[in-house]
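Fold and contact review
Here is how the chains run, residue by residue.
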Amino acid sequence: MNSTPESANDTSPTGSERVSATVEQLEEEGDIAADYLEGLLDIADIDGDLEMDVRQGRAYVSVEAEDDALRLISEPDTVQALQELTRLAVQNKTGRFSRVILDVGGSRDARQQELEELVSRAVERLEEGATQASLPAMSSYERKLVHDIVADRGFVSESYGEGSDRHTVISRG
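Each value, and the rule that gives it
Residues numbered from 1 in each chain as written. Predicted model: local features only at pLDDT ≥ 70, side-chain atom pairs only at ≥ 80, totals over all residues. Heavy atoms only, no water. Pairing = 2+ DSSP bridges. Helix = DSSP H or I, 4+ residues; strand = E, 2+ residues; numbered from the N terminus. Axes fitted to C-alpha atoms, helices over the stretch in contact; angles between N-to-C directions. Contact = heavy atoms within 4.5 Å.

Attention now moves to the sheet that holds strand 5 (residues 155–160). In spatial order, the strands read 4-6-5; together these three strands make up an open sheet with antiparallel pairing. Among the strands making up the open sheet, the edge pair consists of strand 4 (132–134) and strand 5. Pairs of neighbouring strands in the sheet enclose a mean axial angle of 25°, with direction left out of account. Across six bridges, the pairing between strand 5 and strand 6 (residues 167–172) is antiparallel. Residue pairing across strands places Phe155 opposite Arg172, the latter belonging to strand 6. Against the sheet, helix 3 (residues 107–127) contacts strand 4, strand 5 and strand 6, and its axis sits at roughly 40° relative to strand 6.

Structural data, given as structure tokens:
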């Protein structure tokens with residue numbers, strides 16, 4: 001039986017470290033994700049334009065439409081579910097864990113604004129004398145956005161909890 005420690009090259013989501021994907025691998029993930037989403041949109045008879053990008057070590061795929069065609073699939077919970085399905089489709093094709101990010105009809109920008117408002121309310125509680133302010137549980141991507149917003153405002157944040165209960169706590173620096 002081999003008892004070597006976990007490899008630093010482990011690309012599984014449970015590995016202690018993940019190897020960064022190359023730009024080419026991320027572009028491949030974006031192409032696979034776009035093909036998968038195009039198929040879903042065709043099945044649902046929804047018109048939309050797909051754009052792919054690579055930013056911050058992740059593949060981003062955006063679905064846009066000029067009319068109200070994306071209204072039904074741009075709700076936050078629906079986008080999260082579509083993103084998870086898309087990640088599974090990419091992982092199935094590449095054999096690698098995928099962290100592809102999906103934006104439907106500007107849903108990411110809308111969520112960014114909601115998170116900024118959430119942080120503003122938490123900062124107000126701190127300025128009124130609270131020692132810390134807890135935010136609700138959210139995805140790792142959203143927690144990362146919150147950490148960035150909090151740092152930009154001169155405060156400190158840490159994530160606590162496990163799995164779907166993982167949340168962010170904000171405090172003074």
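Note: most peptide bonds trans; most residues except glycine with negative phi. Its identity is not glycine, yet Asp45 carries a phi of approximately 55°, on the positive side. Mapping Asp45 onto the fold places it in the loop between helix 1 (23–43) and strand 1 (49–55). Unusually for a residue other than glycine, Gln56 sits at a positive phi of about 50°. For Gln56, the position within the fold is in the loop between strand 1 and strand 2 (58–64).

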